[in-house]
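Here are the chains, one letter per residue:
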Amino acid sequence: MFSILIPTFNNLNYLKICIESLRKNSNFNHEIIVHVNEGTDGTIEYLNKNKIKYTHTNENIGMPRALNISSKEARLNYILISHDDFYYCPGWDMEFEKEIKLLKHNNFYFSGTMVGAGQVYFDAGDKYESFNESKLLNNLESIKTFNFQGTTKCPGLVHKDIWSKVGGWSEEFSPTGGDDTDFAMKLWKNDVRIFKGLGKSLAYHFGSITTRKKDKSLFTYLGSRGNKIFLMKWGMTINFFEKFYLKSGLDNKKKLIFKKFDGPLKNPHKNFNFYLELFKVKVIKFYLTLTKFKY
């Protein structure tokens, strides 16, 4: 039903958990396409042995390029963007299928709900060695979630036609950082107004180790660089777009906002707060222009 794109970077132990969960907990026969960055840890041998389709580059090219390359191999009508450090919980794909049938058109961006290092905190282990699958599965019914406005971006589902229309992910953000929100902005610019997080489509997330690994300085650098690129490209910051357009993102105390889904999004209400925040954004952009920021 879905072509599932999974970039990976020498992350075989997590990739195995991800793929095994897809095979065990999916209700439909999905196409799995892995993009292997480097693959010096036995990833390619594992994929060949298990007859899993993959693309490959000798170096780590990051999320945007990896997704674009692997998407060219997609044969099904829907593309699901995935990290390699997900464990997909039972019934995850049934929720996407229900929403597709209810909507009856392709102008949407659906996303699952990340448990663990994500929207819902639950401790079933923060590393593959300590992952407690039984604990997670035995507590699924008690994990309280709801359909929310906006998107977690990943796991994220779009129709293949929409993916092609917006040109996939923008490679100027490579290796990563800001690229997922840029994709959401491109969807917005192409009149997609349904950004819906599905509360019952759960994926356990070990935590941002797909292509960035665990260097904290890299997280800070990529985040700031990605936001600058986004600002220069779209005339607003990532947080501004998520807050006023997607109705999600961070509040003033840097806490994630999750509002219950109540229908298609509308253009932002341009009140005093909107223009105040926009003014601050324009000041930052002017400064970046003066300092000749390039990417």
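Residues numbered from 1 in each chain as written. Predicted model: local features only at pLDDT ≥ 70, side-chain atom pairs only at ≥ 80, totals over all residues. Heavy atoms only, no water.

1. Focus: the overall build of the protein
Thought 1: Within the protein, the regular secondary structure consists of 10 helices and 11 strands.
Thought 2: The C-alpha radius of gyration computed for the protein amounts to 19 Å, which stays within 12% of the reference 19 Å derived for 295 residues, consistent with globular compactness.
Thought 3: The C-alpha extent of the protein, read off along each of the three principal axes, is 55 × 40 × 35 Å.
Thought 4: Counting all 295 residues of the protein, 53% fall into the buried class.
Thought 5: Sequence separation of at least 24 residues holds for 78% of the intrachain contacts in the protein that already meet a minimum separation of 6. (Helix = DSSP H or I, 4+ residues; strand = E, 2+ residues; numbered from the N terminus. Rg over C-alpha atoms; globule rule 2.2 N^0.38 Å. Buried < 20%, exposed > 50% of the residue type's maximum accessible area, 1.4 Å probe, protein only. Contact = heavy atoms within 4.5 Å.)

2. Quick notes on the pairing of strand β2 (residues 31-37)
Thought 1: Within β2, seven of the seven residues are buried, which leaves it mostly tucked inside the rest of the structure.
Thought 2: On β2, burial covers both faces: E31, I33, H35 and N37 on one face and I32, V34 and V36 on the other are all buried.
Thought 3: Regarding topology, helix α1 (residues 12-25) serves as the crossover connection from strand β1 (residues 2-9) to the parallel β2, and that connection is right-handed.
Thought 4: Where β2 and strand β3 (residues 53-57) come together, five bridges link them in parallel fashion. Within β3, the position partnered with H35 by the bridge is T55.
Thought 5: For the crossover that starts at β2, traverses helix α2 (residues 43-49) and ends in the parallel β3, the hand is right-handed. (Right-handed = clockwise from strand over helix to strand, strands pointing away. Pairing = 2+ DSSP bridges.)

3. Comments concerning helix α3 (residues 62-71)
Residues that lie three or four places apart on an α-helix share one face, since the helix turns once every 3.6 residues.
Thought 1: Burial analysis of α3 places eight of its 10 residues in the buried class, the great majority of the element.
Thought 2: Buried residues in α3 make contact with β1, β2, β3, β4 (78-81), α6 (160-166) and α7 (179-189).

4. Observations regarding the pairing of β4
Thought 1: Across the two faces of β4 the burial is the same, with Y78 and L80 and I79 and I81 all buried.
Thought 2: In the sheet, β1 pairs with β4 via four bridges, with the strands oriented parallel. Residue I4 lies in a different strand from β4, and its bridge partner there is L80.
Thought 3: In terms of strand pairing, β4 meets strand β8 (residues 156-159) through four bridges, oriented antiparallel. Pairing of I79 across the sheet is with V158, part of β8.

5. With respect to the packing of aromatic side chains
Thought 1: Scanning the entire structure with this criterion turns up 28 aromatic pairs.
Thought 2: Relative to F110, the ring of F108 lies with its centre 4.2 Å away and its plane at 15 degrees, an arrangement referred to as stacked. The two residues F108 and F110 agree in class, both being buried.
Thought 3: Ring geometry for W188 against Y245: centres 5.4 Å apart, planes inclined by 85 degrees, an arrangement best described as edge-to-face. One end of the pair, W188, is in helix α7; the other, Y245, is in the loop between α9 (238-244) and β10 (249-250), with 57 residues separating them in the sequence.
Thought 4: When the ring centre of W188 is taken as reference, the NZ or CZ atom of R193 above it lies at 3.6 Å. (Phe/Tyr/Trp six-rings, centres within 6.5 Å; stacked < 30°, edge-to-face > 60°. Lys NZ or Arg CZ within 6 Å of the ring centre and 35° of its normal.)

6. A word on the pattern of salt bridges
Thought 1: As enumerated under the stated definition, the model contains 12 salt bridges in all.
Thought 2: Salt-bridge contacts for E95 lead to K98; the nearest nitrogen and oxygen are separated by 3.5 Å. Linking E95 with K98, this pair stays in helix α4 (residues 92-103), spanning three residues, or about one helical turn.
Thought 3: The exposure class of E95 is buried, given its relative accessible area of 17%.
Thought 4: We classify K98 as partly exposed; its relative accessible area is 42%.
Thought 5: Within the structure, one salt-bridge network assembled from shared partners comprises E172, D182 and K233. (Salt bridge = Lys/Arg side-chain N within 4 Å of Asp/Glu carboxyl O.)

7. Let's talk about the side chain of S3
Thought 1: With respect to the helices and strands, S3 occurs in strand β1.
Thought 2: Judged by its relative accessible area of 0%, S3 is buried.
Thought 3: One polar contact links the side chain of S3 to the main-chain amide nitrogen of L76, over a distance of 3.2 Å.
Thought 4: For S3, the residues in contact, after removing those within four places along its chain, are E31, I33, A74, R75, L76, Y78, I79 and L80. (Polar contact = N/O pair within 3.5 Å; in protein donor to acceptor, adjacent residues only side chain to side chain.)

8. Topic: unusual backbone geometry
Thought 1: Looking along the chain, the bond that leaves C154 and enters P155 is cis, with omega of 0 degrees.
Thought 2: Tracing the sequence through the fold places P155 in the loop between β7 (148-149) and β8.
Thought 3: For D191, which is not a glycine, the phi torsion comes out positive at approximately 70 degrees.
Thought 4: Structurally, D191 can be placed in the loop between α7 and β9 (194-205).
Thought 5: Residue classification places D191 among the exposed positions, given a relative accessible area of 54%.

Geometric descriptors of this kind do not, in isolation, establish any biological role.
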